[in-house]
Amino acid sequence: RGLEPSETVRTLTLEQAQQLALAHNSSLLQLGYETAKRELALREVRSARGPDLELDVELAERLGRRFDQSIGRLEDRRSTVFDARARSTIKLFDRSSHTAAVAVAEGELAAGKEQSAWGRQRVLFEVSARYMDTLLGAVLIGIEQEHLQAQQEQLRRIGGFWQLGK
């Protein structure tokens, strides 16, 4: 289908095409989420060394009414309860297994970052290759149009010679 006169064509530079591809590539977004997940896993493994602190605080107030038969009337009752509990634990662990867990988490994070970098490079390469193919296609179309014009001119000359030779 050809373009209508009122339609406009948006022309992108290579950098714009690359930025659009990077921003909208679902595989790269997924790799980014996986890397963030691995960063959190590493933080969690590293935090196993520290103490675990827990604090529970409860404040409750009870309101009620009671009929006192000895005096023959209703009495309002109110009671307030404040309860606070604190607990601290220190996890005992085998240092060598903890060190190994940290090393595994760090390795997985490094691998995730490498995958993200590789995915980014792959997207940039694919976009660049398609962009260059598009430019090459436009050049080839221009060359073919020049050939067509030259062939049409040659055909007119041949037609002129044919008319003269009749």
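Residues numbered from 1 in each chain as written. Predicted model: local features only at pLDDT ≥ 70, side-chain atom pairs only at ≥ 80, totals over all residues. Heavy atoms only, no water.

## As for the overall build of the protein
- Counting its regular elements, the protein contains three helices and two strands.
- When the elements of the protein are put in sequence order from the N terminus, they spell out α-α-β-β-α.
- What you see for the protein is a C-alpha radius of gyration of 39 Å, clearly larger than the 15 Å of a compact globule of 166 residues, by over 25%.
- In terms of its C-alpha atoms, the protein occupies a principal-axis envelope of roughly 140 × 60 × 20 Å.
- For the protein, the residues scored as buried account for 13% of the 166 residues in total. (Helix = DSSP H or I, 4+ residues; strand = E, 2+ residues; numbered from the N terminus. Rg over C-alpha atoms; globule rule 2.2 N^0.38 Å. Buried < 20%, exposed > 50% of the residue type's maximum accessible area, 1.4 Å probe, protein only.)

## Here we look at helix α1 (residues 14-24)
- Regarding α1, the residues found buried are Leu14, Ala17, Gln18, Ala21 and Leu22. The buried side chains of α1 occupy one side of the element, clustering within an arc of 130 degrees when seen end-on. Across α1 from its buried face, at more than 90 degrees, point the exposed residues Glu15 and His24. (Arc of directions from axis to C-beta.)

## Thoughts on the side chain of threonine 35
- Here threonine 35 lies in helix α2 (residues 26-47).
- Looking at threonine 35, the relative accessible area reads 10%, which means it is buried.
- Excluding its chain neighbours within four sequence positions, the residues that come into contact with threonine 35 are Leu109, Gly112, Lys113 and Ser116. (Contact = heavy atoms within 4.5 Å.)

## Some points on the nonpolar core
- Of all hydrophobic cores here, the largest spans seven residues; its members are Ala17, Ala21, Leu22, Leu28, Leu31, Val123 and Val127.
- Looking at this core, the element that brings in the most residues is α1, giving three residues.
- Discounting residues that sit within four places of it in the chain, valine 127 has contacts with Ala17, Gln18 and Ala21. (Core = buried A, V, L, I, M, F, W, Y, C linked by side-chain atoms within 4.5 Å.)

By themselves, these figures tell us nothing about what the structure is for.
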